Amino acid sequence: MKVHQLEQFYKENVGRLKEQMKKQEKERIERIKQQIREEQKAYYEKKLQEAETARERELRLVQDELTCITEQAIRLKEKIELVLEEKQG
């Protein structure tokens, strides 16, 4: 081969190598971006689940408190009725 042909061969191969390296770097960056997106999705899903669990816990506490208040109201009503019956009787 002549020197010119070798130079041309070298330039073509270096060009292909650079293109291949750019392609591989782009693919690597896309994989990293996808991994980050998946991690963010998992993180937000976990946070959403934690918030839901906290809301459910709060609702149970409110429901328990309402049940307690209702039971107290029923007992108070019964006491008032007894007092009224005693006064009338």
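The paragraphs below set out a description of the structure included in this document. (Residues numbered from 1 in each chain as written. Predicted model: local features only at pLDDT ≥ 70, side-chain atom pairs only at ≥ 80, totals over all residues. Heavy atoms only, no water.)

A look at the packing of aromatic side chains
Remark: the centre distance and the inter-plane angle together describe each pair of aromatic rings, the angle taken between the planes. Tallied over the entire structure, the rule returns one aromatic pair. Summarising the aromatic geometry, the rings of tyrosine 43 and tyrosine 44 are spaced 5.3 Å apart at their centres and angled 75° between planes, so their arrangement reads as edge-to-face. When its relative accessible area of 55% is taken as the criterion, tyrosine 44 is described as exposed. (Phe/Tyr/Trp six-rings, centres within 6.5 Å; stacked < 30°, edge-to-face > 60°. Buried < 20%, exposed > 50% of the residue type's maximum accessible area, 1.4 Å probe, protein only.)

Observations concerning the environment of lysine 23
The topology assignment puts lysine 23 in helix α1 (residues 3-88). For lysine 23, a relative accessible area of 48% translates into the label partly exposed. (Helix = DSSP H or I, 4+ residues; strand = E, 2+ residues; numbered from the N terminus.)

Re the pattern of salt bridges
Under the criterion given, the structure shown has four salt bridges. For glutamate 25, the salt bridge is made with arginine 28, and the minimal N-O distance between the two is 2.7 Å. Of this pair, glutamate 25 and arginine 28 both sit in helix α1, three residues apart, which is roughly one turn of that helix. Salt-bridge contacts for lysine 47 lead to glutamate 50; the nearest nitrogen and oxygen are separated by 3.5 Å. Separated by three residues within a single helix, lysine 47 and glutamate 50 lie in helix α1, roughly one turn from each other. (Salt bridge = Lys/Arg side-chain N within 4 Å of Asp/Glu carboxyl O.)

Notes on a nonpolar patch on the surface
A contiguous nonpolar patch, built from Val62, Leu66 and Ile69 and spanning about 270 Å² of accessible area, is present on the exposed surface. Judged by its relative accessible area of 43%, isoleucine 69 is partly exposed. (Patch = residues over 30% accessible without salt bridge, like charges linked within 9 Å, V, L, I, M, F, W, Y side chains within 5 Å. Areas by Shrake-Rupley, 256 points an atom, 1.4 Å probe, with all protein chains shown as cover.)

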